[in-house]
Amino acid sequence: MPIINLNLVKDPMVPLEVETIVPDKIAGLTLSEVAKIMVWAGNKQLKLSDLFQVEGEVGSKPEEVKIVFRGYTNRLRRVGEKMSSGEIEVLGDVGPYAGRKMKGGRLVIRGSAGPCLGAKMYDGVIEVFGSAEDRVGGSYRGEFPAKGMSGGTIIIHGNAGAEVGLGMRGGTIIVDGSCDIMPGLDMRGGTILVKGDCAGKAGARMTGGRIVVAGRILTILPSFYVDEIRPSIKIAGEKIEGPLLVFVGDVTASEKCGGRLMVNLKNNPHLKKYEELLAEKIEVEL
């Protein structure tokens, strides 16, 4: 696949909006045409070549384009926004809204990501080798009803911030590390897997989808009911060993309790009381 290298050799000291530098918009252009694309640097519009060293080759079709960002990549915002094909690789950290409304293709971040990674994502794959800040795959703050990602896959090899999957409607988020509070807030579909620990309040106001916490979680919200114990579960082809306590909820959002919260029992012995509740025979007089 032809590769175009964009090297930000000097720190611009202001955020750079690079939503126009995606395979869909540069496929078929010459290198000099790409260099003339205008981008916002703070409150000024500049040519791409005024900021980056532009080298390499551009493919003729979006699926044949790979873009590599280097240098002071922590200044970049909206990397891969609305991309539908091809690949973007960032050799460092990125700012907010990477992969926003992404429709396809692959975005690889070799560092950490700012807030709202994969916000409102539709499809494609995002892989982050560092950590990610708040609202991975989520909706915008204050949006009601919340409409987060509806498809695609986000993989974070580090930790994630608060409100992972805010308003999530579909797709998969996998966090290899731990996450802050409220994963799955207002969630309606899709899957969130947290292999590490969760700071709490998982699934608040969720009406659908499933959250799996393989590590430790201090408490379960009182608006969830224990439903069953599963020996294991498979997510994205990976088997997650249990036993897993399965809770349904959140009843404060819907009496149907369409959400599923699964917690590893071995790593949470303080939740064993729920296992005992399942074993009890309860007779109801009608």
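In the block above lies the structure referred to throughout.
One structure accompanies this document, and this report is about it.

How each quantity is defined
All chains use their own residue numbering, which begins from 1 and follows the written sequence. Predicted model: local features are reported for residues with pLDDT of at least 70 only, side-chain atom pairs are reported and counted for 80 or more only, and whole-chain, interface and lining totals are derived from all residues. No hydrogens and no water enter the side-chain calculation; it runs on all heavy atoms of the structure. Secondary structure elements are taken from DSSP: a helix is a run of H or I of four residues or more, a strand is a run of E of two residues or more, and numbering for both begins at the N terminus. Think of it in three bands: with a 1.4 Å probe and only protein chains considered, a residue is buried below 20% of the maximum accessible area for its type, exposed above 50%, and partly exposed in between. Using the Shrake-Rupley algorithm and a 1.4 Å probe, accessible areas are obtained, with residue cover drawn only from the displayed protein chains. Think of it this way: Lys and Arg go in the positive column, Asp and Glu in the negative one, and His and the chain ends go nowhere. A single reference atom marks each charge: NZ on Lys, CZ on Arg, CG on Asp, CD on Glu. Strands were regarded as paired on the criterion that DSSP finds at least two bridges between them. Contacts are assigned to residue pairs that have any heavy atoms within 4.5 Å of one another. Just to be clear on terms, a salt bridge is a Lys or Arg side-chain nitrogen sitting within 4 Å of an Asp or Glu carboxyl oxygen. Only buried residues count toward a nonpolar core, which is a set of Ala, Val, Leu, Ile, Met, Phe, Trp, Tyr and Cys residues joined through side-chain atoms within 4.5 Å.

Describing the overall build of the protein
Each helix and strand in the protein was counted, giving four helices and 17 strands. Seen through its principal axes, the protein has C-alpha atoms that stretch 80 × 35 × 30 Å. Burial status across the protein gives 50% buried among its 286 residues. Accessible surface computed for the protein: about 12800 Å², of which carbon and sulfur atoms make up 49%. Both charge centroids of the protein, one from 37 positive and one from 35 negative side chains, sit 3 Å from each other.

A look at the sheet that holds strand β3 (residues 38–41)
One open sheet holds the four strands; their spatial order is β4-β3-β2-β7, and the pairing between them is mixed. The open sheet terminates on both sides in strands that have one partner only, identified here as β4 (44–47) and β7 (76–77). In this structure, β3 lies alongside β4, joined through four bridges in antiparallel fashion. The partner of Ala-41 across the bridge, within β4, is Lys-44.

Digging into the pairing of strand β10 (residues 125–128)
Across four bridges, strand β9 (residues 106–109) lies against β10 in parallel orientation. Bridging across to β10, Arg-106 finds its partner in Val-125. With four bridges connecting them, β10 and strand β11 (residues 153–156) associate as parallel partners. Bridge pairing links Ile-126 to Ile-154 in β11.

Quick look at the environment of Glu-33
In this structure, Glu-33 sits in helix α2 (residues 31–35). Here the alpha-carbon distance between Glu-33 and Leu-48, two residues 15 residues apart in the chain, equals 9.8 Å.

Side note on the side chain of Arg-100
As for its placement among the helices and strands, Arg-100 is situated in the loop between β8 (87–90) and β9. When its relative accessible area of 14% is taken as the criterion, Arg-100 is described as buried. Not counting residues up to four positions away in its chain, the partners in contact with Arg-100 are Arg-78, Gly-80, Glu-81, Lys-82, Ala-119 and Tyr-140.

Some thoughts on the pattern of salt bridges
What the rule picks out here adds up to 17 salt bridges. Of the charged contacts, one joins Glu-143 and Lys-120 as a salt bridge, the two residues approaching to 2.9 Å between their closest N and O atoms. Of this pair, Glu-143 sits in the loop between β10 and β11 while Lys-120 sits in the loop between β9 and β10, and the two are 23 residues apart along the sequence. Taken together, the shared-partner salt bridges in this structure form one network comprising Glu-17, Glu-19, Arg-78, Glu-81 and Arg-100.

Section: the nonpolar core
Grouped together as the largest cluster of nonpolar side chains are 66 residues, with contacts concentrated most on Phe-52, Phe-69, Val-79 and Leu-117. Among the elements that take part in this core, strand β1 (residues 3–8) stands out by supplying three residues, more than any other. Excluding residues within four positions of it along the chain, Val-79 makes contact with Val-18, Phe-69, Ile-88, Val-90, Val-94, Tyr-97, Ala-98, Gly-99 and Leu-107. Within the second largest apolar cluster, ten residues are counted, among which are Ile-174, Leu-193, Val-212 and Ile-233.

A short note on unusual backbone geometry
Most peptide bonds take the trans configuration, and most residues that are not glycine carry a negative phi. Cis geometry marks the peptide bond from Phe-144 to Pro-145, where omega comes out at -5°. Tracing the sequence through the fold places Pro-145 in the loop between β10 and β11. A cis amide bond, omega 10°, links Gly-242 with the succeeding residue Pro-243. Here Pro-243 is to be found in strand β16 (residues 238–249).

Description of the side chain of Ser-223
Summarising the element assignment, Ser-223 is placed in the loop between β14 (210–213) and β15 (225–235). By relative accessible area, which is 11% here, Ser-223 ends up buried. Each residue touching Ser-223, except ones within four places of it in the same chain, is listed here: Val-248, Gly-249, Asp-250, Val-251 and Thr-252.

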